[in-house]
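As a plain string of letters, each chain reads:
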Amino acid sequence: MKQNSRTRLLEVTARLLREQGYAATTLSQILEQSQTSRSSLYFLFPEGKSELARAAIREQHNQLMRGLQRLQVRYPYAGQGIPALFHYFGREMEGNDYLKGSALAAVTLGVPDQSVQGEVSRCYRELTQFLRAWLAHSGMPAAQAAGRAQLPVILLEGALLLCKAHRSSDPLKQAINQLGFEPFRAVHSACQASSTEG
């Protein structure tokens, strides 16, 4: 029962954060929509809304990272895998009628307390580090990969915000064209050929 309550609380909190941000999300909403008692919430999350939000953000981020790892296995070349991530978010936005954007961006814009802001910052750093490694593995020089790793994050977050505003997935499609991975496709192919020969 405890695990079911925790799961419901995290799922509802994550959805509300994506739809309306941190400031607009109240404990009353979370309790009502998760069908959880206030005593259960504070038993599981003694710090209340702040701790619950951090846990929900972390769980959502972990799901994203697991999805990225699967994409990397399917598309070792980042120039294919990262656009596939954008396409995934486009389909998701279309499926939820453009109600849910990025939980990280929604929370950041909501000016939450410092502990929640810190969790968001850690998630962004982890995502950027993963992309940097993926780009380097794809043949991009390490120094350039370090400089370029934030670009997909910036484009994705901005595009998701515009998708919500315009109720269209077109901004994500346009963002893909700005990623600029094509020059590194030949480098990646050469690296793969060299590895196979060795």
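Here the structure is shown first, and the text comes after it.
Residues numbered from 1 in each chain as written. Predicted model: local features only at pLDDT ≥ 70, side-chain atom pairs only at ≥ 80, totals over all residues. Heavy atoms only, no water.

Some details on the side chain of Ser 169
At step 1: Within the secondary structure, Ser 169 is located in the loop between helix H9 (150-166) and helix H10 (170-176).
At step 2: Once residues within four sequence positions are removed from consideration, Ser 169 is found in contact with Gly 90, Glu 94, Tyr 98 and Cys 163. (Helix = DSSP H or I, 4+ residues; strand = E, 2+ residues; numbered from the N terminus. Contact = heavy atoms within 4.5 Å.)

Focus on helix H5 (residues 78-95)
At step 1: For H5, spanning 18 residues, the distance from its first C-alpha to its last is 25 Å, which sits close to the expected 26 Å at 1.5 Å a residue.
At step 2: Turning to H5, its buried residues are Ala 78, Gly 79, Gly 81, Ile 82, Pro 83, Ala 84, Leu 85, Phe 86, Phe 89, Gly 90 and Met 93.
At step 3: Positive backbone phi, approximately 60 degrees, marks Asp 97, located one or two places after H5. (Expected span 1.5 Å × (residues − 1). Buried < 20%, exposed > 50% of the residue type's maximum accessible area, 1.4 Å probe, protein only.)

Concerning the packing of helix H7 (residues 114-137) against H9
At step 1: Contact geometry for H7 and H9: axes closest at 8 Å, N-to-C directions at 125 degrees. In terms of orientation, H7 lies oblique with respect to H9. The segment H7 lies against H9, with Tyr 124, Leu 127, Thr 128 and Leu 131 engaging Gln 150, Pro 152, Val 153 and Glu 157.
At step 2: Within the contact of H7 with H9, the residues separate by chemical class into five nonpolar, two polar and one charged. (Axes fitted to C-alpha atoms, helices over the stretch in contact; angles between N-to-C directions. Parallel < 35°, antiparallel > 145°, perpendicular 65-115°, else oblique. Nonpolar A, V, L, I, M, F, W, Y, C, P; charged D, E, K, R; others polar.)

Focus on the nonpolar core
At step 1: With 31 residues, the main nonpolar core has Leu 68, Ile 82, Phe 86, Leu 131, Trp 134, Leu 135 and Leu 172 as its most contacted residues.
At step 2: Of all the secondary-structure elements, those providing two or more residues to this core are helix H4 (49-74), H5, H7, H9 and H10.
At step 3: In terms of residue count, H5 provides more of this core than any other element does, seven residues in total.
At step 4: If we ignore the near neighbours within four places in the chain, the residues touching Leu 68 are Leu 85, Leu 127, Phe 130 and Trp 134.
At step 5: One finds Leu 9, Leu 44, Leu 52 and Val 120 within the second-largest nonpolar core, a separate group that totals 23 residues. (Core = buried A, V, L, I, M, F, W, Y, C linked by side-chain atoms within 4.5 Å.)

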